[in-house]
Amino acid sequence: MIRVELRKLILSPRTWVTIALLDALPTLVAILLALTDLGPRPGTGPAFLSAVLSDGSLFPLAAIAIVLPLFLPAAVAVIAGDAIAGEAQGGTLRYLLIRPVGRTRLLVAKLLAVLAFVLLAVLVIAVTAYIVGTLLLGDQPLATSVSGSALSSSQVAWRTALSLCYATFSMLGVAAIALFLSTLSDSPLAAAMGALAFLIASTLLLTLDAANVLQPYLPTRYWLSFVDLFRDPILWRNVVRGTALQGVYVVVFLGAAWANFATKDITS
Amino acid sequence: MIAATGLTKRYGSLCAVDDIDLAVHPGDIYGFLGANGSGKTTTVRMLLGLVLPTSGSIRLFDEAMPKAAHQVLPRVGALVEGPSAYRHLSGHTHLSLLDGMGPGGPRDSRRRRIADVLDQVGLAGVGSRPVKAYSLGMRQRLGLAGALLRSPELLILDEPTNGLDPQGIHEVRDLLLTLNRAGTTVFLSSHLLAEVEQLCTRVGVLDRGRVVLEETMDTLRTPSGRTVVHTPDIGRTLALLGDRAEQYDDVTVTVRAPDPAALNAELVQAGVRVSALAPERRSLEQIVLAATGPSADRVDA
């Protein structure tokens, strides 16, 4: 089943259009930086963006930091929101279920396909950003950690890889929420918008002091914590918490999706 | 093949299907008739495990549904409420994805089976075109191809000739008859009485969620014991037959007479000219209309 879902993902033109659009923003930023040479002052703007003017090979990280707060989760919400509702709207859900495909299996396969999409998107963004970064931006190896000590290029490489994995994993929560909404509604748009509303609320609450008690549980709370992977020594606390939190979101919302979908009358 | 007992589906206070029993035997072409909104599609969906019954039980191949769906459904091919396909893919790719889902579609024979069914439904020439470029009839054929992919023993088809032109309907009818002769049982839901009349060996009639009739076609079509006589000499016929003539108009008389041959001899002997004479058979339309109430989409004030 997962193989079929992956094939569907790859064969869908929307997948590639979405990835191309995701890729366009960091590339545009790189071009603007290269043309104007105006980087944000260190400590302001998206993470790593001030460093890339001197070391272009850090641009993949900057690119991920650019798309992570809004662009990537929006794309995930659209893809995951479409997972069940899109099949229902297109009328293919009933044919899928009478093959028969187990409903639980279908949910898991859909979530894995969304994860594959995120991984693919992140990889494309990272590779493009590396190429653009090394071609257009600075070439003095800066390679210092956020804490200021020097990092070898192999250290940078594996920490970057770890960051990409963390960014991918961070999207699981949104994906699970959108997937749950996708089982509730027969409209992919409604499911995607619902998940986005959840994200925007989460982002807003993070800026509000009065919401302090809620903040450790908000899905967007630890998203940018991959920066901690570039401290020396690595500050694992938030990365671990972020990973665990995404796990909790997956368990809760995939469970809710299952509870709703497993015995739902399919009338689409 | 299909055995449903006491099958009921309620949506809130609305009773879509009300305590129905169905029996489809191996080798049948079963016509499932009913007006729009009479509960046909809900019943079909329950048979396939898409909608869960409020009460009652369903057995397919003598196994309980939807519990045994995983063993049973690979042996069933179905078309539910119109075909649907991934629009941006070609017919061939769509079938290949469909076949890859769920059990029962072995990979090594996939290519050959897809070519076979596309050929069977008459789409061999357009298999590589994207589905969004298909006409309504072509999509219907593609849906049928999907149902036939695993050479099912039971076909459950909801309105299979929807959107087809008369030639297409004829082709589908021939295809279903061929499959049936080769041993496939067919359960066909339809509101096209003519289609069912020409094809089916048994019919069940659904009216507002209840089965009002379930009978073999042969029994339904047995002569009614009356003979219809067409004659230019209407006055003399009526005079001769007296109260045996039950209905008449300007050119036909319906006579209570079980043996048309004897009646013919009697008429001719009396010098009445007969232009046509046949035992009266009720058409399926008359039978269904007599068994059911007004259409469910008719809403009177």
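Note: the structure precedes this text.
Residues numbered from 1 in each chain as written. Chains lettered and ligands numbered in written order. Predicted model: local features only at pLDDT ≥ 70, side-chain atom pairs only at ≥ 80, totals over all residues. Heavy atoms only, no water.

J.: What am I meant to see in the nonpolar core here?
T.: Inside soluble globular proteins, nonpolar side chains tend to come together where they are buried. Formed by 160 residues in total, the largest nonpolar core has its most connected members in I156(B) and F187(B). With 13 residues, helix 6 (residues 103-136) of chain A is the largest single contributor of residues to this core. In this structure F187(B) touches I2(B), L22(B), V24(B), Y30(B), F32(B), V44(B), L47(B), L155(B), I156(B) and L157(B), once residues within four positions along its chain are discounted. Judged by nonpolar contacts, the second largest core, of ten residues, contains A245(B), A257(B), L263(B) and L267(B). (Core = buried A, V, L, I, M, F, W, Y, C linked by side-chain atoms within 4.5 Å. Buried < 20%, exposed > 50% of the residue type's maximum accessible area, 1.4 Å probe, protein only. Helix = DSSP H or I, 4+ residues; strand = E, 2+ residues; numbered from the N terminus. Contact = heavy atoms within 4.5 Å.)

J.: Even after reading the chapter, I still don't get the packing of aromatic side chains, so can you show me in this structure?
T.: To describe a pair of aromatic rings, you give the distance between the ring centres and the angle between the ring planes. All names here are of chain A. What the rule picks out here adds up to five aromatic pairs over all chains. These aromatic residues form a ring-pair network of at least three members: F180, F198, Y249 and F253. Seen from the ring of F261, R103 lies directly overhead, with NZ or CZ sitting 5.8 Å from the centre. (Phe/Tyr/Trp six-rings, centres within 6.5 Å; stacked < 30°, edge-to-face > 60°. Lys NZ or Arg CZ within 6 Å of the ring centre and 35° of its normal.)

J.: Is there a simple way to think about unusual backbone geometry in this case?
T.: Here the amide bond leading from R99(A) into P100(A) is cis, since omega sits at 5°, within 30 degrees of zero. With respect to the helices and strands, P100(A) occurs in the loop between helix 5 (92-97) and helix 6. M65(B) connects to P66(B) through a cis peptide bond whose omega is 0°. Within the secondary structure, P66(B) is located in the loop between strand 5 (63-65) and helix 2 (69-72).

J.: Please explain the sheet that holds strand 9 (residues 202-207) of chain B as it appears in this structure.
T.: The strands that make up a sheet are held in pairs by hydrogen bonds between backbone atoms, and each pair lies either parallel or antiparallel. Residues and elements named next belong to chain B. Within the open sheet, the six strands sit side by side as 6-7-8-3-9-10. Their pairing is mixed. The open sheet is flanked by strand 6 (76-79) and strand 10 (210-216), the only strands paired with a single partner. Strand-to-strand twist of the sheet, defined as the mean angle between neighbouring strand axes without regard to direction, takes the value 15°. Relative to strand 8 (residues 185-190), strand 3 (residues 29-34) runs parallel, the two being bridged by five bridges. Bridging across to strand 8, Y30 finds its partner in F187. (Pairing = 2+ DSSP bridges. Axes fitted to C-alpha atoms, helices over the stretch in contact; angles between N-to-C directions.)

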